[in-house]
Amino acid sequence: QAQLVESGGGLVQAGGSLRLSCAASGRTFSSYAMGWFRQAPGKEREFVATIYWSGGSTYYAESVKGRFTISRDNAKNTVYLQMNSLKPEDTAVYYCAASNLRILSTRVRSYDYWGQGTQVTVSS
């Protein structure tokens, strides 16, 4: 059974950094586009970043562009999200997702597999 497991969340002060990891198991996701989404309390799940299956193309939400970097290691079946210059408004549960559409999509509905999420809290 395909599974995505996020890790690396935690509590950090504003201006700090965190690196999230998403480990895939149960199948090979090397041909899938991978994405990161986040959901704050009382808000809808929103797109953060996505990376093409080959790793050659990426796309970011405007709110994180220049601060966050998505990357992947297909040999390890793992996707990463490096988050720098964190702000209190980045506080949310962060989710990893996989899409077999092989496109860079910002839409939740484009993704077929989801992790359980990892909490990121940024204090001011």
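Source: prediction; values computed, not measured.

Draft legend 1. Region of interest: the pairing of strand E5 (residues 46–51). With five of six residues buried, E5 lies mostly within the body of the structure. Bridge analysis of strand E4 (residues 33–39) against E5 gives five bridges, and the strand direction is antiparallel. From the neighbouring strand, Met34 faces E5, where its bridge partner is Ile51. Linkage of E4 to E5, two consecutive antiparallel strands, is achieved through a turn of six residues, within which Gly42 is found at a positive phi near 80°. Bridge count between E5 and strand E6 (residues 58–60): three bridges; the pairing is antiparallel.

Draft legend 2. Representation of the packing of aromatic side chains in the model. Overall, the coordinates contain nine aromatic pairs when judged by the stated rule. Considering the side-chain rings of Phe29 and Tyr32, the 5.1 Å spacing of their centres and the 70° angle between planes classify their relative orientation as edge-to-face. These aromatic residues form a ring-pair network of at least three members: Phe37, Phe47, Tyr59, Tyr111 and Trp114. Across the ring face of Tyr80, the terminal group of Arg19 is positioned such that the distance to the ring centre comes to 4.0 Å. We note Arg45 situated over the ring of Trp114; from NZ or CZ to the ring centre the distance is 4.9 Å.

Draft legend 3. Molecular detail of the environment of Gln13. Tracing the chain through its elements places Gln13 in strand E2 (residues 10–13). Exposure remark for Gln13: the relative accessible area of 59% places this residue in the exposed category. Those residues in contact with Gln13 that lie beyond four places of it in its chain are Val122 and Ser123.

What counts as what
Residues numbered from 1 in each chain as written. Predicted model: local features only at pLDDT ≥ 70, side-chain atom pairs only at ≥ 80, totals over all residues. Heavy atoms only, no water. Buried < 20%, exposed > 50% of the residue type's maximum accessible area, 1.4 Å probe, protein only. Helix = DSSP H or I, 4+ residues; strand = E, 2+ residues; numbered from the N terminus. Pairing = 2+ DSSP bridges. Phe/Tyr/Trp six-rings, centres within 6.5 Å; stacked < 30°, edge-to-face > 60°. Lys NZ or Arg CZ within 6 Å of the ring centre and 35° of its normal. Contact = heavy atoms within 4.5 Å.

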